Amino acid sequence: MLIKTAGLLAVTVWLYYRSIWPLVILWPLGLWYYRSLERECMEKKKSEFLMQFKEAIQSMSSSLHTGYSVENAVKETQKEMLLMYPKDEMICRELSFMVQQVHIRIPAEQIFEDFSKRVRLEDVRNFANVFAAAKRSGGDMIAIIQNTADQIGDKIDVRREIDTLLAAKRYEFKVMAVIPYVIIAYMMLSFPEFMDCLYDNIIGTGVMSVCLLVYLAAYALGVKLVKIEV
């Protein structure tokens, strides 16, 4: 991400100013873009983990239905997730740690509470809270977990469907974001005499700065338009 950010920033200052000195002023732009890439990467990992978590709690619910205790259901869930994902995936690492806690006889509600604190996701926290409440109340544990798993699974599925529907729009947005750079580069290569007046003078620098600000505003607006929180 750092190389991508540095490259984009270098291309930006060269196309808009044909000079490197604006990097001194525009470095916050690179920092903003780098953080946006970080957030995008984190959102992707979050989405992937939630799908894995959905499969894990559904597997756990099935194990409980077949008569396993909660502790043994955790062990069975770990075995099933290892068949589906590499052992270095986050859900497999977390389940492995949970199994270790089961072996040293930590209460199940404490195990799930610790799990929710480590991953810090709302759906996981809700599941841990419902599980702890069901354990304390002595209610129908299987029915409560099954109902909670279904609700969380439905929410994750809705989020996944929305991401799928927006995928094409996000791709179109990325293409549109590149077009201004392509146009400027094309003009610089094909009609350098027309572009020379926009560089190495105050008026031209001002015009290009206004164009860059308009582009950045449009880009920020586009990011918000293709982002929907569920």
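Before reading further, recall that the structure is shown in the block above.
Residues numbered from 1 in each chain as written. Predicted model: local features only at pLDDT ≥ 70, side-chain atom pairs only at ≥ 80, totals over all residues. Heavy atoms only, no water.

Enquirer: When you look at a nonpolar patch on the surface in this model, what are you seeing that I'm missing?
Expert: Together, Tyr 171, Val 175, Met 176, Ile 179 and Ile 183 make up an exposed nonpolar region whose accessible area comes to about 510 Å². Mapped onto the elements, Met 176 comes out in helix H7 (residues 141-190). (Patch = residues over 30% accessible without salt bridge, like charges linked within 9 Å, V, L, I, M, F, W, Y side chains within 5 Å. Areas by Shrake-Rupley, 256 points an atom, 1.4 Å probe, with all protein chains shown as cover. Salt bridge = Lys/Arg side-chain N within 4 Å of Asp/Glu carboxyl O. Helix = DSSP H or I, 4+ residues; strand = E, 2+ residues; numbered from the N terminus.)

Enquirer: Looking at this model, I keep getting lost on unusual backbone geometry. Mind explaining?
Expert: Positive phi, normally seen in glycine, also occurs at Arg 120, with a value near 55°. Mapped onto the elements of the fold, Arg 120 is located in the loop between helix H5 (108-119) and helix H6 (122-137). On the accessibility criterion, Arg 120 (68% relative accessible area) is exposed. Within the chain, Asp 200 stands out as a residue other than glycine whose phi angle is a positive 60°. Counting through the fold element by element, Asp 200 comes out in the loop between helix H8 (192-195) and helix H9 (202-225). (Buried < 20%, exposed > 50% of the residue type's maximum accessible area, 1.4 Å probe, protein only.)

Enquirer: When you look at the layout of surface pockets in this model, what are you seeing that I'm missing?
Expert: Over the atoms a probe the size of a water molecule is rolled, and this reveals where empty space is left. Estimated volume of the largest pocket: approximately 1600 Å³. Around the largest pocket sit 45 residues that line it, and Ser 36, Glu 40, Arg 170, Lys 174 and Val 223 are the ones nearest its centre. Elements with a minimum of two residues in the lining of the largest pocket: helix H1 (2-17), helix H2 (23-65), H6, H7 and H9. Across the lining of the largest pocket, the residue classes tally to 22 nonpolar, six polar and 17 charged. The computed volume of the second largest pocket comes to approximately 310 Å³. Lining the second largest pocket are 13 residues; nearest its centre among them are Met 42, Lys 45, Lys 46, Phe 49 and Met 90. At the level of secondary structure, the elements contributing two or more residues to the lining of the second largest pocket comprise H2 and helix H4 (90-103). For the lining of the second largest pocket, the class distribution of residues is five nonpolar, one polar and seven charged. (1 Å grid on protein atoms, 1.4 Å probe; cavity = no way out; pocket = protein on both sides within 12 Å on 5 of 7 lines; lining within 4 Å. Points joined across faces, edges and corners; volume = space filled by probe spheres on them. Nonpolar A, V, L, I, M, F, W, Y, C, P; charged D, E, K, R; others polar.)

Enquirer: For this particular structure, what's the right way to read the state of the cysteines?
Expert: Cysteine pairs can be linked by a disulfide, which is a covalent bond between their two sulfur atoms. Counted by the stated rule, this structure contains zero disulfides. Note on Cys 92: no disulfide assigned, nearest cysteine sulfur contributed by Cys 41 at a separation of 19 Å. (Disulfide = S-S within 2.5 Å.)

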